[in-house]
Structure formats: structure tokens, C-alpha cells
Amino acid sequence: MSFLGLAAFLFFGGMAFWMLVFLMGFILPYWITLGVFQQLQPKRIFEDKEEEEAK
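Residues numbered from 1 in each chain as written. Predicted model: local features only at pLDDT ≥ 70, side-chain atom pairs only at ≥ 80, totals over all residues. Heavy atoms only, no water.

Q: So what exactly am I meant to see when it comes to the overall build of the chain here?
A: If you tally the helices and strands in the chain, you get two helices and zero strands. Burial analysis of the chain (55 residues in total) assigns 0% to the buried set. Accessible area of the chain: about 5900 Å², with a carbon and sulfur share of 71%. (Helix = DSSP H or I, 4+ residues; strand = E, 2+ residues; numbered from the N terminus. Buried < 20%, exposed > 50% of the residue type's maximum accessible area, 1.4 Å probe, protein only. Areas by Shrake-Rupley, 256 points an atom, 1.4 Å probe, with all protein chains shown as cover.)

Q: Help me understand a nonpolar patch on the surface in this model?
A: On the surface, Met24, Leu28, Trp31, Ile32, Val36, Phe37 and Leu40 cluster together into a nonpolar patch covering about 790 Å² of accessible area. Tracing the backbone shows Met24 in helix α1 (residues 2–40). The exposure class assigned to Met24 is exposed, which follows from its relative accessible area of 56%. (Patch = residues over 30% accessible without salt bridge, like charges linked within 9 Å, V, L, I, M, F, W, Y side chains within 5 Å. Salt bridge = Lys/Arg side-chain N within 4 Å of Asp/Glu carboxyl O.)

Q: What should I look at first to understand the packing of aromatic side chains in this one?
A: How two aromatic rings sit relative to each other is given by the distance of their centres and the angle of their planes. Tallying each qualifying case throughout the model produces four aromatic pairs. Taken together, a centroid distance of 5.0 Å and an interplanar angle of 75° make the contact between Phe17 and Trp18 edge-to-face. On the accessibility criterion, Phe17 (47% relative accessible area) is partly exposed. Classification of Trp18 by relative accessible area gives exposed; the value is 58%. Judged by centre distance (5.7 Å) and plane angle (25°), the ring pair of Phe22 and Phe26 falls under stacked. Linking Phe22 with Phe26, this pair stays in helix α1, spanning four residues, or about one helical turn. (Phe/Tyr/Trp six-rings, centres within 6.5 Å; stacked < 30°, edge-to-face > 60°.)

None of the figures reported here should be taken as evidence of function without further support.
What follows is the structure, encoded as C-alpha cells:
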């Protein structure tokens, strides 16, 4: 019976390990790249026509 507990522990531990490898290898660089490109985009400021007419 203790073999099943050990097998479950190794199974879930292995799943967690490979999920972390996937996150660190693909998702994290993708997220950082999106953030960098968002910061590099020029800021666009749209002014309402009503505000210009009021002045």
C-alpha cells in the first residue's frame, strides 16, 4: 500500500516539475516579450472634439 503513496507522490511531483519547466521556458519569456513591446509602443493621446470646442 505504501507503494501507491510513493507512486502518487512521484506522479504529482513529476507533473508539477514539468509544468514549471513549461512555464519558465515558454510562458514567462512570452509574457516578458509582450510587456517589453507594450512599453516600446508610442503613447497615443486622443482628445475629444468637445474639449477643443469649449476652449
